[in-house]
Every structure is written in structure tokens, then in C-alpha cells.
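# Notes for the structure review
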Amino acid sequence: MTIRNTTILIFILASLILSVHKSDASWLIDPEKFHISVHGQTSCQDCHENITEQDLHPDPANVNKKLQDFFSVDSCLSCHDNVMDDLDEDVHGTRKVEDPLKYENCLKCHDPHYQLGLGEDQGRFDPAKPRREQCGACHETRTSLPPPSDEDRACLACHRAIDPQDPQRKDQISRLCFHCHSLGGTQSQKMTGKRVSLINSNEYRSVPHAGIACTACHLDADRFKHANQKRKDCRQCHLPHDEKVAHDSHMGVACEACHLAGVKAFRDPESKFVLWDRERKPGKPSRIHEMILEDDETSCQRCHFKGNQVGAASMILPAKSIMCMPCHTATFSVDDTTTILALIVFLVGIVMIFSYWLSAAVPGGRHSGPIGVLFDLLWSGIRNLFSRKIFLIVKAMILDVLLQRRLFRQSGARWLIHSLIFLPFVFRFFWGLIALITSVWAPECTATWPMLDKNHPVTAFLFDVTGIMVLLGAVLAFIRGLLKGSGKPPGLPGQDRLALSLIGGIVVIGFILEGMRIAMTGSPAGACYAFVGCAVSTLFSDSTGLTQSYGYIWYIHAILTGIFIAYLPFSRMFHIIMGPIVLAMNAVSEHKHIR
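Parameters at a glance
Residues numbered from 1 in each chain as written. Predicted model: local features only at pLDDT ≥ 70, side-chain atom pairs only at ≥ 80, totals over all residues. Heavy atoms only, no water. Axes fitted to C-alpha atoms, helices over the stretch in contact; angles between N-to-C directions. Helix = DSSP H or I, 4+ residues; strand = E, 2+ residues; numbered from the N terminus. Parallel < 35°, antiparallel > 145°, perpendicular 65-115°, else oblique. Left-handed = near helix turned anticlockwise from the far one by under 90°. Contact = heavy atoms within 4.5 Å. Salt bridge = Lys/Arg side-chain N within 4 Å of Asp/Glu carboxyl O. Buried < 20%, exposed > 50% of the residue type's maximum accessible area, 1.4 Å probe, protein only. Expected span 1.5 Å × (residues − 1). Patch = residues over 30% accessible without salt bridge, like charges linked within 9 Å, V, L, I, M, F, W, Y side chains within 5 Å. Areas by Shrake-Rupley, 256 points an atom, 1.4 Å probe, with all protein chains shown as cover. Pairing = 2+ DSSP bridges. Disulfide = S-S within 2.5 Å. Phe/Tyr/Trp six-rings, centres within 6.5 Å; stacked < 30°, edge-to-face > 60°. Lys NZ or Arg CZ within 6 Å of the ring centre and 35° of its normal.

## With respect to the packing of helix H18 (residues 457–484) against helix H19 (residues 497–520)
Contact pair H18 / H19: the axes reach a minimum separation of 10 Å and the direction vectors enclose 150 degrees. Here H18 is positioned roughly antiparallel relative to H19, judged by the angle of their axes. Crossing handedness for the pair H18 and H19: left-handed. On H19, the residues touching Asp464, Gly467, Ile468, Val470, Leu471, Ala474, Ala477, Phe478, Gly481 and Leu482 of H18 are Arg497, Leu500, Ile503, Gly504, Val507, Val508, Phe511 and Glu514.

## With respect to the pattern of salt bridges
Within this structure, the stated rule accounts for eight salt bridges. Where Arg153 meets Asp150, a salt bridge forms, and the shortest distance between an N and an O atom there is 2.8 Å. Of this pair, Arg153 and Asp150 both sit in helix H6 (residues 150–159), three residues apart, which is roughly one turn of that helix. By relative accessible area, Arg153 is classed as partly exposed at 40%. Of the charged contacts, one joins Glu290 and Arg287 as a salt bridge, the two residues approaching to 3.1 Å between their closest N and O atoms. The class for Arg287 is partly exposed, based on a relative accessible area of 41%.

## A look at H18
In a regular helix each residue adds 1.5 Å, so 28 residues correspond to 40 Å; H18 covers 40 Å between its end C-alpha atoms and thus fits that length. Every buried residue of H18 is listed here: Thr459, Ala460, Phe463, Asp464, Thr466, Gly467, Val470, Gly473, Ala474, Ala477 and Gly481. If you follow the buried residues of H18, they end up packed against helix H16 (412–441), helix H17 (449–452), H19 and helix H20 (531–537).

## A short note on a nonpolar patch on the surface
The grouping of Ile322, Phe332, Val334, Ile340, Leu341, Ile344, Val345, Val348, Met352 and Phe570 at the surface amounts to a nonpolar patch, some 870 Å² of accessible area in total. The topology assignment puts Met352 in helix H12 (residues 337–357).

## Focus: helix H7 (residues 168–181)
With 14 residues, H7 extends 20 Å between its outermost C-alpha atoms, agreeing within 8% with the 20 Å of an ideal straight helix rising 1.5 Å per residue. Considered for burial, the residues of H7 that qualify are Arg169, Gln172, Ile173, Ser174, Leu176, Cys177, Phe178 and Cys180.

## Some thoughts on the side chain of Ser182
By secondary structure assignment, the location of Ser182 is in the loop between H7 and helix H8 (187–193). Beyond its immediate stretch of four places on either side in the chain, Ser182 contacts Gln189, Leu198, Ile199 and Ser201.

## Here we look at the pairing of strand S5 (residues 263–267)
Examined bridge by bridge, S5 and strand S6 (residues 274–278) share five bridges and lie antiparallel to one another. When the sheet's bridge partners are listed, Val263 is paired in S6 with Arg278.

## With respect to the environment of Pro164
In this structure, Pro164 sits in the loop between H6 and H7. When its relative accessible area of 60% is taken as the criterion, Pro164 is described as exposed. For the pair formed by Pro164 and Ala213, sequence separation is 49 residues and the distance between their alpha carbons is 8.3 Å.

## Let's talk about the state of the cysteines
Evaluation of the coordinates by the stated rule reveals zero disulfides. In this structure Cys214 is not part of a disulfide, and its nearest cysteine sulfur, from Cys177, lies 3.8 Å away. The structure places no disulfide on Cys217, whose sulfur is separated from the nearest cysteine sulfur, that of Cys237, by 6.8 Å. When its relative accessible area of 32% is taken as the criterion, Cys217 is described as partly exposed.

## Some thoughts on the packing of aromatic side chains
Taken as a whole and assessed by the stated rule, the structure comprises eight aromatic pairs. Pairing Phe427 with Trp431 gives two aromatic rings, centres 5.5 Å apart and planes at 45 degrees, and the pair type is tilted. Here the residue Phe427 and the residue Trp431 both occupy positions in helix H16, the gap between them amounting to four residues, near one helical turn. Given the relative accessible area of 14%, Trp431 is considered buried. For the ring pair Phe429 and Phe430, a centre distance of 5.3 Å and an interplane angle of 80 degrees mean the geometry is edge-to-face. Taken together through their ring pairs, the aromatic side chains of Phe427, Trp431 and Phe463 make up a single cluster. Its guanidinium or amino end placed over the ring of Tyr114, Lys33 lies 5.5 Å from that ring's centre, counting from NZ or CZ. Arg497 extends its terminal NZ or CZ atom over the ring of Phe478, reaching a point 5.5 Å from the ring centre.

Below is the structure:
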């Protein structure tokens, strides 16, 4: 045997053993593979001679059977009658066998539709290359396969595998599926309707996925063991929703749990993901394919209701607004009452402060009055941004704002406290901003979504570390204020303990909410990296009670945040906003003074 023939034989045997038990155990036949097989010139009726005698084909009672259930050795022996004689002599093909009984089931090794002729001259045919590229390897080159006989054409109308990109595939698969699953009066449809809900084929034409083949979503639906189908992940074709639409990333929730009609959501005890199952109503029309979400919160109420078992808050909470952006991956929305009131008070404070500042004239300015001074400042700022002075501003932003160089030179202790509070906010703000922007403008970027996933190990760990840093900084600042309070010169304002208390309270309640969420959702994989939240979650045991109280604690967290935002222009922490502006202006002014 030549090296080429040996290679072909090894490839054939390996591929057949794998294909029979996996991909090729299908109801559909690849016409190109079948054409070059050893049975490619025989009729379907030669082996499936009893099909025409069956009352139902396909028979709903048989669709869940295995390929082996349909095998009869007599079908093979009608042509290969010498095989049993050889096995009686402990021989199969060219191989000496020890246990002839292992060779009585032909399908264990041979696929009758794709079996190549072993030991025959295959010409220039190479089984490793696509069949359509080898027309002419065994005979003269032709542009198409020979037409089937009339009796085989009826079989191939349903059983011919069509390329997924071919528009005819959708219609073929629909005919095959609706033979049993459509509302109608045939015997097959009546039998199927006793077990599952049926589909109104006329209404189906208007559903979102009517233009694609059923097998695009119902994987392995055209194979043996029909009931054991895999469910395709919607995100292989569709992009996830951003935070504005879903009010949260919902990374652990299956798309179908919200989008499909007639399903019930449940939490998988192993993965902790929220999955779905059909509400089985045999004999009644199925509307599972409609996938129409209500404009209101009806779809959310599938999970968000009192006493739910999926670990969802019983309240339907609003999306995290622009007020939450310093700490979370939030949205640019201003929809909830807390955010609206907080921003109104915040803007009033900003207007009051700037109106006082703008009452003085700008040195070298051309205008007077608040509006004129504001115009001079804006014009000066624009000119600086589009000049070489932008490098001075960037330098000041990095060294004096981000790294707080000037504060470090004055006091290492103050620099440490300020850094513990300031740097985590900067990190979390840019983390959330990047995640938000990429999820909206570049949702196909796979690196974005772990940044939105609270249970991702990196996200969970970094957010707990930064939360601890802020809390530690607030505590140290409070202690430092107590120690330095007695030596403060008279007339100077004291430490802004209200602002520090608000920051500390926001962080503490944030950790409590994280612990409640982890406990409600059953400690999903990755949540343990949120070490503080994971420790807090051990304090809770009744997840049903948590789902009811979670919303109230969430609103306390949001209201404290709103109070802090509203209070910021009137507090001593207003330098968080004004400090970068002043330092940028000083960088330009000092450069002019040096020159």
C-alpha cells in the first residue's frame, strides 16, 4: 500500500468514526459528499425500502430516537452478504478480528451516506479537500451534480442539505419543521400538539426571525434525538444592551428570559445564571417567537416581583444616572427624581459661585459685567487650548491634579489622605466612562463587557479595593481633623465633617448593597473576588427577604449620593471641581510671569 493510500485510509476511518456519532447523525444529506461515496449511485429506496409503506413520515413518535434505533443489519447484508461469512472466519475486510460480535453493527464505523470506497482507485480525489473543488478528480469535469431520479427527488426535497447561505435553505427547513410543529389538521401535527404548543404558520411570517432558517437558533433540530437540542446564544448574532436600555448590564441573565413570549425565568443552581424554560401548553398556539417587548415595565416584572426566586430586586429600579458616574458605569440619563433634585440644587450653587467670581473684571479683558467676563474667560480658554499652552495645561493636569504634586510637597500625610479619596474616584470614573462609551459605540468590542460585569474577577476586585481606599481616606481625614482641630487658628473654617460623613456613608451602604446582591444571586462565580461584598453576603441568609429590602437600601444609597452632589458647591470639597480649573489657569499665568 502506498503512502498516499495509507493516508487516505487513516483519514477516512478517523473522520467516519467522529462523524457518525456527532455532526453527520443528521436527517439531512450533503449531496456532494453523498455523490462521491460508495453508495452515491444507488437509490434511496434501495436501503430505505420501507419508507413508502409507512403511514407517517416523518413520524413524531420516532423523532427522539437515536440513529442506531433505525439500523437493521439485514439492509446492509442485502448487498454485502459476504461480510457475515468473513466474520465467521474472524476476518473483516483485510483485518483479522478477535471478537466478531463487535462488527455486527455497521454504523459504529461506517456512515452509509458518506462512506468512501476502501481499496478502490479514487483517482486524484483527496478527502482532505472540499468536494466541490474536486469535480473532475474521478471523471470529466462537470458544472453540476447529475439530477436524482424521480423517486429520490421526493426524498431530497426534505433531506437534501442546503448551504446555510442559500436562500432556499430557510424555506426547506421551515417546511420540514412545520410538517409537525404547525397548527393544522394532519396526523403528525395532532400528535405533536399533544406534547408541545404549535405555531401558527401565517402569524410566524411577521415575527423578527421569520427570514432565517429554524436551525439557525434551534441547533441540532434536524438531527436524531430531536428533543436533545442545544440552545444558541443570542449574542452570537445580536449585541448586548447598554446600561441605558437594560438599567443594568444583566450579564448573568439569558436574553430569552426577557425577550421571548410564553417563557418562565429561573436561576440555574449551578451557574447561578438566570435562564428560561417554556410554559408548556400542549394544543394551544405558541407565541414564543414573537419576541415583542412592552414599552412599559411589563417584561421586567417577569423577574422583578415580590417573592421571586431568581435573586432580582422586587422593585424595578431606574438606570444609574449621570449622578452615579464618579463611581459606577452609569448613563448620561437624568430621569429619576433624586437625580433631578440633586442637579437642580447643584447647578444653583454653581451659578451663585460663578456669579460672584464673574463680578470682577478679567485682567486684560475687553468686557465688563458677568456675561462679558464669562465671554473673556471662555475666549481665553479656547485660545490656550489651541496653542502651545495646551502642553502646560496637560502637564499641570497630570502632575498637580492627578498626582497632586504641590500637596505632596506641602505634607505627605495630607497627600496620602487626599490620594486615598481622590484617585479611586478618578479610576472608577474613567473605568465606567470607557465601558459606557464602548458598549454604546463599539458593542462588538469583547473587552468592554467584562468591565460591566460586577462578577468578573478583575472588576469585582478592583472596585472593592477602590471602595476600601475611599473609606480609609475618609476615616483618616476625620481623625486628622479631630487631632488638628485644637490647633486651628481662630476665624478659619473647620473640617467639613458632613461631606466626609456622606462619602463614608455612601461607601458603606454600597458594600452592603454588594453583599445583598451576592447573597440574592447565590454567590455566582467570580463574586468571591469582591472580598468585602462576599464577606458581607455571609451575614444574610433569607434571599427572599433581601429581594424586598434591596430596593429600599438602593434608594438610601442614591439619596445620600444626591445629597452629596447637591451639597458639593456649598462645601469645602468644592475644590474637587475648582482645583483643576485654577491649577490650569495658574500654569498658564506662571508661564507668562516667567517669560
